[in-house]
Amino acid sequence: MYDVHPGVAVVQKWIGERKEKSGRSLQEWMALIEKEGPPDEEGRREWLKTKHKFGTNSAWWLAERACGKGGEEDDPESYLRNAVRNVEEQYSGPKEKLRPIYDELLRLGKAVGADVKACPCKTIRPLYRKHVFAQIKPTTNMRVDLGLALAHYQGKLPKRLVDTGGLAKKDRITHRVELKSAAEIDDDVKKWLKTAYDLDA
C-alpha cells in the first residue's frame, strides 16, 4: 500500500553531488567527521557549519548520518520498512481504535487514481499525485483528520470542511474533515477526496 517518498530521490541526488560540490563524497565526509569532528551530534553540526561552511540542513543531515541516524532517507527499502513501522506505532495504544478510519481512508485515497502515492511520515500519511493533495493524521486519541488541498477550488465549501488556515500560511492542506469513526466516511468525504485529487491534475 505504501510508496517511496519523493524526498528519498532528493536525498539520493544530494548524496551523488557531494564530491562535485564539496570536494568529498559522503563516505569521505563520514570518515572526516569521525576523525576530526566533535564526538556529539550538536557539536558536529556546528563544526560543519563553521569550519566547512555547510548550510543548516546539510550540516544537520551529515551530523545525523555520522551518528548512525537517517539511513532511511536515501534508501527506498529502509524507507518502506520504516513507513510500515511508523504506522503500526502511531495506531497503537490509545489510538488503536482509530486504525479502521486510517485503513479506510488509505484504501479510498489509493483507489481515487492509479497515480496516487501514499508516503507515510512519522506523524502524517500524505497522499501524492503531483503534489500532496490529501493527508491522514490522527490528531487526537479520539479523531483522525483528513486534510485536503482545496486552494484552487472555485465555489462554496460546506461547513463540514474546517478551514486549517493553510491558505493564509501557503500550506498545501487548506481544509480538513474530522472523523471519529469509519462510519463517518460517507459519499461526501469521498467526493471531496476526489475533488482534491482532481485539482492536482
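Source: prediction; values computed, not measured.

About the thresholds
Residues numbered from 1 in each chain as written. Predicted model: local features only at pLDDT ≥ 70, side-chain atom pairs only at ≥ 80, totals over all residues. Heavy atoms only, no water. Helix = DSSP H or I, 4+ residues; strand = E, 2+ residues; numbered from the N terminus. Expected span 1.5 Å × (residues − 1). Buried < 20%, exposed > 50% of the residue type's maximum accessible area, 1.4 Å probe, protein only. Contact = heavy atoms within 4.5 Å. Polar contact = N/O pair within 3.5 Å; in protein donor to acceptor, adjacent residues only side chain to side chain. Salt bridge = Lys/Arg side-chain N within 4 Å of Asp/Glu carboxyl O.

**Student:** Can you walk me through helix H9 (residues 187-199) in this structure?
**Tutor:** Helical geometry: 3.6 residues make up each α-helical turn, so side chains three or four residues apart lie on a common side. Given a rise of 1.5 Å per residue, 13 residues ought to cover 18 Å, and the 18 Å separating the end C-alpha atoms of H9 matches this to within 8%. For H9, every residue scored as buried is listed here: Val189, Trp192, Leu193, Thr195, Ala196 and Tyr197. Elements in contact with the buried residues of H9: helix H7 (99-111), strand E2 (125-128), strand E3 (132-140), strand E4 (143-148) and strand E6 (175-179). With a side-chain oxygen positioned 3.2 Å from the backbone nitrogen of aspartate 188, the residue opening H9 is aspartate 186.

**Student:** Just checking my understanding: could you explain the environment of aspartate 200 for this structure?
**Tutor:** Checked against the element boundaries, aspartate 200 lands in the segment after H9. With relative accessibility at 5%, the residue aspartate 200 sits in the buried group. Here the alpha-carbon distance between aspartate 200 and methionine 30, two residues 170 residues apart in the chain, equals 40 Å. When near neighbours in sequence (up to four residues on either side) are disregarded, aspartate 200 contacts Arg129, Lys130, His131, Phe133 and Arg172.

**Student:** I'm lost on the side chain of aspartate 3 in this one. Help?
**Tutor:** Following the sequence through the fold, aspartate 3 ends up in the segment before helix H1 (6-16). At 2.7 Å, the side chain of aspartate 3 forms a polar contact with the side chain of lysine 110. When near neighbours in sequence (up to four residues on either side) are disregarded, aspartate 3 contacts Tyr79, Leu80, Lys110, Val116, Lys117, Ala118 and Cys119.

**Student:** Please explain the pattern of salt bridges as it appears in this structure.
**Tutor:** It is possible for side chains bearing opposite charge to pair when their charged atoms get close. Summed over the entire model, instances satisfying the criterion amount to 22 salt bridges. Across the pair aspartate 115 and arginine 129 runs a salt bridge whose closest N-O atoms are separated by 2.8 Å. With a gap of 14 residues between them, aspartate 115 in the loop between H7 and strand E1 (117-118) and arginine 129 in the loop between E2 and E3 connect regions that are remote in the sequence. Judged by its relative accessible area of 31%, aspartate 115 falls in the partly exposed class.

**Student:** What is the right way to look at the environment of lysine 122 in this model?
**Tutor:** By secondary structure assignment, the location of lysine 122 is in the loop between E1 and E2. Judged by its relative accessible area of 64%, lysine 122 is exposed. Each C-alpha atom, one on lysine 122 and one on threonine 164, is 20 Å from the other, the two residues being 42 residues apart in sequence. In contact with lysine 122, other than residues within four places in its own chain, are Asn86 and Gln90.

**Student:** Help me understand unusual backbone geometry, please; the structure alone is not making it clear to me.
**Tutor:** Leaving glycine out, the prevailing phi sign among residues is negative, and the prevailing peptide bond configuration is trans. Phi is positive for lysine 53, close to 60°, though the residue is something other than glycine. By the element assignment, lysine 53 lies in the loop between helix H4 (41-50) and helix H5 (56-66). One non-glycine residue with positive phi stands out, namely lysine 170, at about 60°. Tracing the chain through its elements places lysine 170 in the loop between helix H8 (166-169) and E6. Taking relative accessible area as the criterion, lysine 170 reaches 76% and is therefore assigned exposed.

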